[in-house]
Amino acid sequence: MTNVLIHGGGRGMAIYADTGTTRISFENVFFVPSPDGWEFFDYDIRATGGTLIVDKWVNVRAATIVDGVIVPGASLPSP
């Protein structure tokens, strides 16, 4: 994923490496909670029986949107 905004609900993104090998690459990805009252977590990315390989994790951040502009927040750790 490159240049992506993930906005919403209680879970921003879930990727589970169940079997085999799952490779991910994130660059310029922003996680924004929606104001709908859900308790939010940015992502749940993990190996659950398979192998997870993080090829790239660059500029992945929590963010907010103010007046239609993405405001980057804290950097998020690689899974």
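Residues numbered from 1 in each chain as written. Predicted model: local features only at pLDDT ≥ 70, side-chain atom pairs only at ≥ 80, totals over all residues. Heavy atoms only, no water.

Considerations on the pairing of strand E6 (residues 69-75)
Using the following cut-off: When DSSP finds two or more bridges between a pair of strands, those strands are recorded as paired. Secondary structure elements are taken from DSSP: a helix is a run of H or I of four residues or more, a strand is a run of E of two residues or more, and numbering for both begins at the N terminus.
Here 5 bridges tie strand E5 (residues 51-66) to E6, and the two strands are oriented antiparallel to one another. Counted as the bridge partner of Ile65 is Ile70 from E6. Once E5 ends, the chain turns through 2 residues before running back antiparallel as E6, passing Asp67 with a positive phi of about 50°.

Notes on unusual backbone geometry
Note the following rule: Working definition: with a 1.4 Å probe on protein chains only, accessible area under 20% of the residue-type maximum means buried, over 50% means exposed, and in between means partly exposed.
You will see that Asn28, though not glycine, has its phi angle at about 55°, which is positive. Looking at the secondary structure, you find Asn28 in strand E3 (residues 21-32). In this structure, Asn59 is a non-glycine residue whose phi angle is positive, near 55°. Inspection of the secondary structure assignment puts Asn59 in strand E5. For Asn59, a relative accessible area of 30% gives the class partly exposed.

Considering the sheet that holds E6
What counts, and what does not: What counts as an axis is a line fitted to C-alpha atoms, over the stretch in contact for a helix, and the angles between N-to-C directions run from 0 to 180 degrees.
Read from one edge of the open sheet, 4 strands run E1-E3-E5-E6, paired in mixed fashion. In this open sheet, the two strands that pair with only one neighbour each are strand E1 (2-7) and E6. If you compare each strand with its neighbour and ignore which way they point, the axes differ by 45° on average. With 10 bridges joining them, E3 and E5 adopt parallel strand pairing.

A closer look at the packing of aromatic side chains
Using the following cut-off: Planes of paired rings set the category: under 30 degrees apart is stacked, over 60 is edge-to-face and the rest tilted, where pairs are Phe, Tyr or Trp rings (Trp by its six-membered ring) whose centres lie within 6.5 Å.
All chains considered together, the criterion is met by 3 aromatic pairs. An angle of 20° between the planes, with centres 5.0 Å apart, marks the rings of Phe26 and Trp57 as stacked. Taken together, the residues Phe26 in strand E3 and Trp57 in strand E5 connect sequence positions 31 residues apart. As far as burial versus exposure is concerned, Phe26 and Trp57 are alike and both buried. Measuring from ring centre to ring centre gives 5.7 Å for Phe31 and Tyr43, while their planes differ by 45°; the resulting arrangement is tilted.

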